[in-house]
Amino acid sequence: MQTGNLMRSAPAAKSIAGDAPSGADAISLSKMSRTQQEQTTLDGDFGRGKQRSRSATVQNIGLKTFYLENGVWIDSEFKESAKITETRIEFGSEAYFDLVSKETGLGQFLAIGDQVLVVWKSRVYRIVK
């Protein structure tokens, strides 16, 4: 009798497993899921009074989160309304490399790109091309 029960339950198990994607479908779903995880839709203030309703690229580095906006990686801690002292430095310049050598922990955040806005030790550093 147990053999008969196994035979009856096998088709049910097969139909459940048959619903799960496999092969190319599974790879496609995995890629789509990863893309969705890497993108975040931003709605609301974002610290500068502008409304956003589009996808933005997000990068986490250490304990900081950066959002790519118009080619600039912006530290999520940045709030224009805070009126923090801002230092503007050209990417790759002598001042840029002096800053990286003096502020050793800052380099990991500047490595994200050639245009970065980062809050570091109560200052804002704006790296420009």
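This structure is a prediction, so every number in the text was calculated from the model and none was measured.

S.K.: Any chance you could break down the overall build of the protein for me, citing the residues and the numbers?
M.R.: A tally of regular secondary structure across the protein gives four helices and seven strands. For the protein, the α and β elements follow one another from N to C terminus as α-α-β-β-β-β-β-α-α-β-β. The buried share among the 129 residues of the protein stands at 30%. A sequence separation of at least 24 residues applies to 41% of the contacts in the protein between residues at least 6 apart. When the accessible area of the protein is evaluated, it comes to approximately 9100 Å², of which 51% is carbon and sulfur surface.

S.K.: An account of the environment of Asp114 is needed here, citing residue identities and associated values.
M.R.: With respect to the helices and strands, the residue Asp114 is situated in the loop between α4 (107-110) and β6 (116-120). Looking at Asp114, the relative accessible area reads 29%, which means it is partly exposed. For the pair Asp114 and Val128, spaced 14 residues apart in sequence, the C-alpha to C-alpha distance is 6.5 Å. If we skip the residues at most four places from it in the chain, Asp114 touches Phe91, Ile127, Val128 and Lys129.

S.K.: Give a detailed account of the pattern of salt bridges, specifying residues and quantitative values.
M.R.: Enumeration according to the criterion identifies four salt bridges in this entry. Put simply, Glu86 and Arg126 hold a salt bridge, and the shortest N to O gap is 2.6 Å. On the criterion of sequence distance, the pair formed by Glu86 in strand β5 (residues 86-90) and Arg126 in strand β7 (residues 123-128) is long-range, its members being 40 residues apart. For Glu103, the salt bridge is made with Lys121, and the minimal N-O distance between the two is 3.0 Å.

S.K.: Describe the pairing of β5, listing the residues and the values that go with them.
M.R.: Side chains of β5 alternate between two faces, with Thr87 and Ile89 buried and Glu86, Arg88 and Glu90 left unburied. Sheet topology note: the β5/β7 ladder contains five bridges and is parallel. Within β7, the position partnered with Glu86 by the bridge is Val124.

S.K.: Lay out the pairing of strand β4 (residues 72-75) in plain terms, naming residues and giving numbers.
M.R.: Here β4 shows two buried faces, one formed by Val72 and Ile74 and the other by Trp73 and Asp75. Here strand β3 (residues 64-69) pairs with β4 via four bridges, running antiparallel. Paired with Glu69 across the two strands is Val72, which belongs to β4. Between β3 and β4, which pair antiparallel and follow one another directly, the connecting turn spans two residues, one of which, Asn70, has a positive phi of 55 degrees. Summarising the sheet, β4 and β6 pair through two bridges and their orientation is parallel. Residue pairing across strands places Ile74 opposite Leu117, the latter belonging to β6.

S.K.: I'd like to hear about the packing of aromatic side chains, residue by residue, with values.
M.R.: Per the counting criterion, the structure on display carries four aromatic pairs. With 5.2 Å between their ring centres and 90 degrees between their planes, Tyr96 and Phe97 make a pair best called edge-to-face. Lying across the ring of Phe109, Lys64 places its NZ or CZ 5.7 Å from the centre.

S.K.: Mind laying out the confidence of the model for the protein, listing which residues take part and the relevant values?
M.R.: Chain-level pLDDT for the protein is 74 on average; 57% of the residues reach the 70-or-more range. A low-confidence stretch, residues 5-17 (pLDDT under 50), is modelled with zero contacts involving residues beyond four sequence positions or located in other chains. Across residues 38-55 the pLDDT falls below 50, and counting only partners more than four positions away or on other chains, this stretch makes 34 contacts in the model.

Definitions and limits used
- Residues numbered from 1 in each chain as written.
- Predicted model: local features only at pLDDT ≥ 70, side-chain atom pairs only at ≥ 80, totals over all residues.
- Heavy atoms only, no water.
- Helix = DSSP H or I, 4+ residues; strand = E, 2+ residues; numbered from the N terminus.
- Buried < 20%, exposed > 50% of the residue type's maximum accessible area, 1.4 Å probe, protein only.
- Contact = heavy atoms within 4.5 Å.
- Areas by Shrake-Rupley, 256 points an atom, 1.4 Å probe, with all protein chains shown as cover.
- Salt bridge = Lys/Arg side-chain N within 4 Å of Asp/Glu carboxyl O.
- Pairing = 2+ DSSP bridges.
- Phe/Tyr/Trp six-rings, centres within 6.5 Å; stacked < 30°, edge-to-face > 60°.
- Lys NZ or Arg CZ within 6 Å of the ring centre and 35° of its normal.
- pLDDT = per-residue confidence, 0-100.

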